[in-house]
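Each chain, written out:
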Amino acid sequence: MLSSINHPLLCPSLPKHGYCSSRTRICNIVRKKKARTMAFASNEGEGQFMPKGRENIRYIRKRKETVDWVRSWKQTLFLLLEDIPFHLRQIIASISIDGTSATTMILDSTTGEPLWRPFLYNESCPDALPIVKSIAPENHTVCSGSSTLCKLVSWWNTVDSNKESAALLHQADWLLWLLHGNLRVTDYNNALKVGYDPELDSYPPWLLSQSYSQLLPSVKAPGTPIGVLREDIRTQYGFAKDCVVCTGTTDSIAAFLAARATKPGKAVTSLGSTLAIKLLSTSRVDDARYGVYSHRLDDKWLVGGASNTGGAVLRQIFTDEQLENLSEQINPMKTSPLDYYPLPTVGERFPMADPKMAPRLHPRPESDVEYLHGILESIARIEAKAYSLLKDLGATQVEEVFTAGGGAKNEKWTKIRERVLGLPVSRAIQTEAAYGAALLALKGAQQCVQ
């Protein structure tokens, strides 16, 4: 998703007797040390309190002028809070948010107000890359122009003032701060690309020795309670006094959690604005040459990366209606002869890190069906190359792929991907990354009652 919060659900859980329908939003309630579950269903399939925030984000995406991202993220967050039926707000136990990885904010450490425009997840800072490579271990995750650390170094070397009062947060961190009021707290998934070592559970000495390390936030595990909801927000919206706000995670990690893939060899491909893959592995793999990095997940590792290809390219060319109608006419068992590398703009992160890679979307056939088929299959080939690369680098071999994100709804694309990957591919029962963030909120609520 292009620099937007991933529609945070509030404290959802699974029903006692299995999974819920994709048309149902579930809210876990923890009251007086006893957990209960309630489900809120919608005939429209999107839940009762989600659409307003989604529409806001979609509107912002379509605007041509420069977007005030900070304002749009904040507006969307509070629109989502307003969308929760008032009579349910008193029984909400906890809140968590996921956001795009490496979306970086430089803030005033006292007021929390931005000192600089946000660095979006796919922005590259080539000016900082040589500096970062000179201090970090070879092929470290931060040795990519789009890493959080490169963005921090680029800002540090650009400005002359406000350095002493500055603080770094990620997109999800800042949105959570709006709710709990404790600045400078992040989670170890978001902190990975600034250099945090999840294996040692600390920032490494080579990073702490740098002058800009003073901006780094404290790090907690995803789903850790930070504090109760701010009193002014609680009073305005009618939440309970003991509603806690928990650390979040990145959007692709949240999508993996939502898919409930629990065994090594299981993987989740998130087909949103970008293509992000996460493979549960017993081995940690990191290699900045290819944009590969590993997130900690308890005693295992989520190995993967995020390509700039994905739904954003499709939306540049086709409307939603066209995508639906043209997809129906594709024969997914037929191999497309078209060889593209679909990118929304110059630059790729994974499975090769090349900030100068140009999009390749020509030649365009006369048939739009053939054109869409070629794009979808080309994205599938990038996905296949990514999983093959992870195996070559030492990760557990992928055995099955679950799909999350908007692209999971396209059945023809799923069949194309299954043919190209040579693996079972299915839609995750829960395809919203927000569901994974909500599971983290549940985790935090359970910690509070233990």
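Refer to the preceding data block for the structure.
Worth saying up front: this structure is predicted, and the values here are computed from it rather than measured. (Residues numbered from 1 in each chain as written. Predicted model: local features only at pLDDT ≥ 70, side-chain atom pairs only at ≥ 80, totals over all residues. Heavy atoms only, no water.)

## Some words on the sheet that holds strand 10 (residues 244-246)
And step 1. Strand order in this open sheet of three strands is 3-10-9, and the pairing throughout is mixed. In this open sheet, the two edge strands, each paired with only one partner strand, are strand 3 (94-95) and strand 9 (225-228). (Pairing = 2+ DSSP bridges. Helix = DSSP H or I, 4+ residues; strand = E, 2+ residues; numbered from the N terminus.)

## Comments concerning a negative patch on the surface
And step 1. Together, E321, E324, E328 and E411 give the surface a local cluster of negative charge.
And step 2. Structurally, the position occupied by E321 is in helix 11 (residues 320-328).
And step 3. Judged by its relative accessible area of 59%, E321 falls in the exposed class. (Patch = residues over 30% accessible without salt bridge, like charges linked within 9 Å, V, L, I, M, F, W, Y side chains within 5 Å. Areas by Shrake-Rupley, 256 points an atom, 1.4 Å probe, with all protein chains shown as cover. Salt bridge = Lys/Arg side-chain N within 4 Å of Asp/Glu carboxyl O. Lys, Arg positive; Asp, Glu negative; His and termini not counted. Charge placed at Lys NZ, Arg CZ, Asp CG, Glu CD. Buried < 20%, exposed > 50% of the residue type's maximum accessible area, 1.4 Å probe, protein only.)

## Points about the pairing of strand 13 (residues 275-281)
And step 1. With respect to burial, strand 13 is a largely interior element, seven of its seven residues being buried.
And step 2. The two faces of strand 13 match: L275, I277, L279 and S281 on one face and A276, K278 and L280 on the other face are all buried.
And step 3. Pairing analysis gives five bridges linking strand 12 (residues 266-271) to strand 13, with the strands arranged antiparallel. Paired with V268 across the two strands is K278, which belongs to strand 13.

## As for the nonpolar core
And step 1. Of all hydrophobic cores here, the largest spans 38 residues; its most connected members are L372, I375, Y387, L390 and V401.
And step 2. Only strand 12, strand 13, strand 15 (300-307), helix 10 (311-317), helix 11, helix 12 (368-392) and helix 13 (411-421) provide two or more residues apiece to this core.
And step 3. The element best represented in this core is helix 12, accounting for eleven residues.
And step 4. Counting residues in each nonpolar core, the second largest holds 31 residues, with I92, A172, F239 and V245 among its members. (Core = buried A, V, L, I, M, F, W, Y, C linked by side-chain atoms within 4.5 Å.)

## Details of the pattern of salt bridges
Opposite charge on two side chains permits them to pair, given that their charged atoms come into close proximity.
And step 1. This structure, assessed with the given rule, holds 16 salt bridges.
And step 2. The partner of D232 in a salt bridge is R230, with the nearest N and O atoms 2.6 Å apart.
And step 3. Note that R284 and D286 form a salt bridge whose closest N and O atoms lie 2.8 Å from each other.
And step 4. Given the relative accessible area of 28%, R284 is considered partly exposed.
And step 5. The class of D286 is partly exposed, set by a relative accessible area of 26%.

## Concerning helix 12
Every α-helix carries 3.6 residues per turn, so stepping three or four residues along brings you back to the same face.
And step 1. For helix 12, spanning 25 residues, the distance from its first C-alpha to its last is 36 Å, which sits close to the expected 36 Å at 1.5 Å a residue.
And step 2. N-capping of helix 12 is provided by S367, with a side-chain oxygen placed 3.3 Å from the backbone N of V369.
And step 3. Positive phi appears at G394, one or two residues downstream of helix 12, with a value of about 115°. (Expected span 1.5 Å × (residues − 1). Polar contact = N/O pair within 3.5 Å; in protein donor to acceptor, adjacent residues only side chain to side chain.)

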